[in-house]
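Structural overview
The primary structure of each chain is shown beneath.
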Amino acid sequence: MAEGSVAAVPAVSAVQALQGVLAAEDAAIFGYGVAGAHLSGSRKSAAEQYWTAHNKSRDALTAMISALGAAPVAAQAFYRLPFAVHDASTATALAADLEDGVTRAYLGLVAVSGQKWRTFGALAMQDSAQRAAFWRGATVAFPGLS
Amino acid sequence: MLAASAAALPALLATAGCRSSDAFTGPDPLAGRPALSPDVVTLQEVIAAERAMIALYQAAVNVSLRPASQVRGLLAQHRQHLGQLQARLVLPPGWASASPSSSRSAVPNRVTVEVLRGAEGASATDLVRRLVNVPPALAQLFASIAASDATHVTALGG
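Reading the values: rules and limits
- Residues numbered from 1 in each chain as written.
- Chains lettered and ligands numbered in written order.
- Predicted model: local features only at pLDDT ≥ 70, side-chain atom pairs only at ≥ 80, totals over all residues.
- Helix = DSSP H or I, 4+ residues; strand = E, 2+ residues; numbered from the N terminus.
- Buried ≥ 20, exposed ≤ 12 C-beta atoms within 10 Å, placed from the backbone.
- Contact = placed C-beta atoms within 7 Å.
- Core = buried A, V, L, I, M, F, W, Y, C linked by C-beta atoms within 7 Å.
- pLDDT = per-residue confidence, 0-100.
- Nonpolar A, V, L, I, M, F, W, Y, C, P; charged D, E, K, R; others polar.

1. Section: the overall build of chain B
- Check the secondary structure of chain B and you find 5 helices and 0 strands.
- Sorting the 158 residues of chain B into buried and exposed places 30% on the buried side.
- At a minimum sequence separation of 6, the contacts of chain B that also span at least 24 residues come to 70%.

Pasting the structure below:
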């Protein structure tokens, strides 16, 4: 590395990164449907609230991608879950995993050039990191990177 | 000529009708210490701010601020932040590793959960403001730390 420098990563286009975020939001919407079925009480309410938030984000991202002249990536009919979900404990773990995936996707947007996209990605990943911390019951040092 | 001091060299070169930069193909060694790039200065400032945050948490630990285990846990995460930030900084030989402001960070007389929460929120905001003008990899590190700080606000009851 050159003196007095910081590491670099390859440039990513805004559309590419937004498509990645949209795909992660679609996966989260599907996953919350599975997780919510195994939750009850305040956790079920939280799952419903977060499912709604992800739907709103999906709609906003779809509009953004269309405005950039690209076709938004379509949601899949079915998503392979990272592990079997059969009770409240595994449902909670799935919800945390989904939010981690969304956080990583928004972090990808932060690599894009342009203040607008970077700021949008950085603020959005704070929301998903908060939700992941809620499900996990603990914070992590590097949301989206760990 | 062989006994000429370095200070006299520019005058000698001028007498010979050439500038010091004509004698070298690389950076002019007589131009003085080069300025650090804005990215590096930003990184130094963020490192100084992270050190100030650690000092704040350390003060909270010293007064046994409760919940102690949570305070210690968040302090450990800030130390991880500092480690990653420092790992990204490569300075030319002879440059101090910390910016001067890092040693001036003041810890309030009374550290409370509210003070920690305020500092975490301010840090998250500051990092998002700074990440727009740095290289992508550094922007992502700033964004991740900002997100971590935002979760700390909530963990502290915000």
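2. Re unusual backbone geometry
All names here are of chain B.
- The peptide bond linking R66 to P67 adopts the cis configuration, its omega dihedral lying at -5 degrees.
- On the secondary structure map, P67 appears in the loop between α2 (38-62) and α3 (68-88).
- A positive phi angle is found at S64, which is not glycine, with a value near 55 degrees.
- On the secondary structure map, S64 appears in the loop between α2 and α3.

3. Some points on the nonpolar core
- Core analysis: the biggest nonpolar cluster contains 68 residues, and V21(A), L109(A), L131(B), F142(B), A143(B) and A146(B) have the highest contact counts within it.
- Mapped by element, the contributors of at least two residues to this core are α1 (14-36), α2 (41-67), α3 (88-110) and α4 (115-136) of chain A together with α2, α3, α4 (113-130) and α5 (136-155) of chain B.
- Of the residues forming this core, the biggest block, 12 residues, is contributed by α1(A).
- The contact partners of V21(A), leaving out residues within four places of it in the chain, are L61(A), A105(A), Y106(A) and L109(A).

4. Some details on the confidence of the model for chain B
- Scored by pLDDT, chain B comes out at a mean of 84, with 79% of its residues at no less than 70.
- In the predicted complex, the global pTM is 0.85; the interface-specific ipTM is 0.90.

5. A look at the confidence of the model for chain A
- For chain A, per-residue confidence averages 93 on the pLDDT scale, and 92% of positions sit at 70 or higher.
- A low-confidence stretch, residues 1-5 of chain A stays under pLDDT 50, and its non-local contacts, those more than four residues away or across chains, total 12 contacts.

6. Structural notes on the interface of chain B and chain A
- The interface of chain B with chain A comprises 32 residues on the first partner and 31 residues on the second.
- The greatest single-element share of the side of chain B that touches chain A, amounting to 15 residues, is contributed by α5(B).
- Residues belonging to the side of chain B that touches chain A are distributed by class as follows: 20 nonpolar, 10 polar and 2 charged.

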